[in-house]
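Spelled out from the first residue to the last, the chains are:
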Amino acid sequence: MDMIDTLLPWAVTALAIALVAAQGVANRVRMNRMEAHWRQRCDDLGRELHAVSSGSMGVGRRLVACEQSLHRLSGALEEMRLNDPLRVPYDEASKLVELGAGTEDLMNSCGISRPEAELVSALRKGQTRSQEHAGTDEIV
């Protein structure tokens, strides 16, 4: 029995050391798996980020091109509006109506037909009336 009493603590210690070593190996294996998983996940996210940033750069380039095109078209439209030969008589006629000119005056001064003169006069007077009504608050 002396021998069992002497060897028992050594056997328990050896078993404990073996269990700790086994647990250490198991933990290391689990850590390696987790590391591989997270490395793969980081690589996947890196590829996704690259794809998104490449796409947004392409969209940004297209947006800049659209803005430049819009600016060119806006300038061309404004130039066309300013250089429109038909617009000048109507602008002048509208100003004359504001000053109180009649249909005959518009025809003679601006070189427009009677229906055009009547239309400009009616439109301008309608705008004046709507502006007067917009400035007053009616209580109903």
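To be clear, the structure that these remarks concern was listed above.
Quick caveat: nothing in here was measured; it's all calculated off a predicted structure. Along each chain, the written sequence defines residue order, and numbers are assigned to residues from 1. Per-residue local features of the predicted model are confined to residues with pLDDT of at least 70, and side-chain atom pairs are confined, for both listing and counting, to 80 or more; whole-chain, interface and lining totals are unaffected and use all residues. Heavy atoms throughout the structure, all of them, feed into the side-chain values; hydrogens and water do not.

A. Representation of a nonpolar patch on the surface. In this analysis, a patch consists of residues with relative accessible area above 30% that form no salt bridge, clustered at 9 Å for like charges and at 5 Å for the nonpolar side chains Val, Leu, Ile, Met, Phe, Trp and Tyr. Surface accessibility follows the Shrake-Rupley procedure with a 1.4 Å probe radius. Residue values consider only the protein chains on display as shielding. Criterion for a salt bridge: a side-chain nitrogen of Lys or Arg within 4 Å of a carboxyl oxygen of Asp or Glu. A cluster of nonpolar side chains, Ile4, Leu8 and Val12, forms an exposed patch at the surface whose accessible area comes to about 290 Å². Positionally, leucine 8 belongs in helix H1 (residues 2-82). The secondary structure listing takes helices from DSSP runs of H or I that are at least 4 residues long and strands from runs of E that are at least 2 residues long, numbered from the N terminus.

B. Structural view of H1. Given a rise of 1.5 Å per residue, 81 residues ought to cover 120 Å, and the 118 Å separating the end C-alpha atoms of H1 matches this to within 8%. Two axes enter the definition of the bend at a residue: one is fitted to the seven residues ending there, the other to the seven starting there, and the bend is the angle between them. The largest bend in H1 amounts to roughly 30° and is located at leucine 8, with the proline proline 9 lying one to four residues further along. Expected span, for any helix, means 1.5 Å times one less than how many residues it has.

C. Fine view of the pattern of salt bridges. Throughout the structure, instances matching the rule amount to 3 salt bridges. As a salt-bridge pair, aspartate 44 and arginine 47 come within 2.4 Å of each other at their nearest N and O atoms. Of this pair, aspartate 44 and arginine 47 both sit in helix H1, 3 residues apart, roughly one helical turn. For arginine 114, the salt bridge is made with glutamate 104, and the minimal N-O distance between the two is 2.2 Å. With arginine 114 in helix H4 (residues 114-135) and glutamate 104 in helix H3 (residues 103-110), this pair connects stretches of sequence that are 10 residues apart. The buried label applies to any residue whose accessible area, calculated with a 1.4 Å probe on protein chains only, is under 20% of its type's maximum; exposed applies above 50%, and partly exposed to all values in between. A relative accessible area of 40% places glutamate 104 in the partly exposed class.

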